[in-house]
Amino acid sequence: MRTWRVLAAVTILLGVPVSASASDDQLAEHLASDAADEFHGSGVVMSTWGGDTATGTYDVTRRDGVTMTSGPMGDVMATAAHTVMRAGDEWYAVDFSDRSPWSLSTRYRLAPAEATVHMGRSADLFVVFDGDLPRVRFVVDRATTVPLVTEVLDGEGRVFRMAALIDLDDSEVAMPAAPQPTRMHMVVSAEAVASLPEWLAGYHRMDTYEAAGGGVQAYYSDGLFSFSVFEAARGATPELFRTATAFPASGTWYRRVVMPDRVWVHWNAPDRSYVLVGDLPPDHLVSALEGLPRPGERALLVRLWRRLFG
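Keep in mind the model is a prediction, meaning the values are calculated, not measured. (Residues numbered from 1 in each chain as written. Predicted model: local features only at pLDDT ≥ 70, side-chain atom pairs only at ≥ 80, totals over all residues. Heavy atoms only, no water.)

A.B. asks: Please explain the environment of D283 as it appears in this structure.
C.D. replies: For D283, the location among the structural elements is in helix 4 (residues 282–289). Relative accessible area serves as the criterion here: at 25%, D283 is assigned to the partly exposed category. Linking D283 and L153, residues 130 residues apart in sequence, is a C-alpha distance of 9.7 Å. Those residues in contact with D283, other than ones at most four positions away along the chain, are R135, D154 and G155. Reaching out from D283, the side chain makes a polar contact with the backbone nitrogen of G155 at a distance of 3.2 Å. (Helix = DSSP H or I, 4+ residues; strand = E, 2+ residues; numbered from the N terminus. Buried < 20%, exposed > 50% of the residue type's maximum accessible area, 1.4 Å probe, protein only. Contact = heavy atoms within 4.5 Å. Polar contact = N/O pair within 3.5 Å; in protein donor to acceptor, adjacent residues only side chain to side chain.)

Below, the structure written as structure tokens:
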């Protein structure tokens, strides 16, 4: 789960290179490209949904094809071939038994650049449109093609998530010492399940994996945002969500936890429990929930049986 989150954050918030001559047809090419070869930056990232706001800081260093990030999602070192992550005091390598190639939804287009200045640096402002709605705004440094500011907008045009560098150095960058992983974590592919459909609100189910502790994880992406849905046998509500914000969607209620770089949503269906984790904006998230099993209680006889026999 954390691997795709980190890669999404590095791409969307920290390292998307955008050429000053970009056109609508070039958006996918730029999002798939590598960031500047050498830079170090530190910044802040904040998400706001209704009365819920979360703020965090991050650092990112890139040199010789290696990207090191430290922030709300933890510490990660990634290359084109490998990802190494920190768990407590240990580093471990993450590998996938299978993973679908990246692709970008045709619903997005890139508006022409507007010249601007940020942190005293020459930059360009780019706006990614979702149909007729502005969805992402990038302020991109001309010298390094590193985003200085990234704003993700909700369906009403309000800023849902903002990430801003407060320091950028593209000279004499020193990469932290490479960690030595002490263990390997293999993410194993699993068969798709009917309750997690192939398409949700314009997001494609790219892969399905075995989830830790049982159940399955379905990973969805539209190329710009992504999320995972975890399905398991129905259990008690995790402590994280017991006091979380309740919010309505499609005539029923869910619980959400807003973090600086992502949102967690939990609900119980009659026979299954679900957690959705992603960086997608709220209106996309609510639309995705409409295509998933709805919250609900077990039938009366089932509840009585559980009380009697566990």
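A.B. asks: Looking at this structure, how should I read a negative patch on the surface?
C.D. replies: Side chains of D59, D167, D169 and E172 sit close together on the surface and give a patch of like negative charge. Take D169: it is sitting in strand 12 (residues 159–169). The exposure class of D169 is partly exposed, given its relative accessible area of 31%. (Patch = residues over 30% accessible without salt bridge, like charges linked within 9 Å, V, L, I, M, F, W, Y side chains within 5 Å. Areas by Shrake-Rupley, 256 points an atom, 1.4 Å probe, with all protein chains shown as cover. Salt bridge = Lys/Arg side-chain N within 4 Å of Asp/Glu carboxyl O. Lys, Arg positive; Asp, Glu negative; His and termini not counted. Charge placed at Lys NZ, Arg CZ, Asp CG, Glu CD.)

A.B. asks: I tried to follow the pairing of strand 16 (residues 216–221) on my own but got confused; where do I start?
C.D. replies: Along strand 16, 6 of the 6 residues are buried, which leaves the element largely enclosed by surrounding structure. Burial along strand 16 is two-sided: V216, A218 and Y220 and Q217, Y219 and S221, pointing in opposite directions, are all buried. Here strand 15 (residues 203–210) folds back onto strand 16 in antiparallel fashion, the turn holding 5 residues, of which G213 has a positive phi close to 80°. Sheet topology places strand 16 next to strand 17 (residues 226–233); 6 bridges connect them, and they run antiparallel. In the sheet register, Q217 faces strand 17, and the bridge partner there is F230. From the end of strand 16 to the start of strand 17, which pair antiparallel, there are 4 residues, and G223 there has a positive phi angle of about 95°. (Pairing = 2+ DSSP bridges.)

A.B. asks: Would you mind going over the pattern of salt bridges with me for this structure?
C.D. replies: Where charged atoms of side chains with opposite charge meet at close range, the side chains can pair. Overall, the coordinates contain 11 salt bridges when judged by the stated rule. When the shortest N-O distance is used, the salt bridge between R142 and D124 registers 2.9 Å. Here D124 lies in strand 9 (residues 121–130) and R142 lies in the loop between strand 10 (133–141) and strand 11 (147–153), a separation of 18 residues in the sequence. Assessed through its relative accessible area of 46%, R142 is described here as partly exposed. Between E151 and R137 there is a salt bridge, with its nearest N and O atoms 2.6 Å apart.

Function cannot be inferred from these measures alone, as they are strictly geometric.
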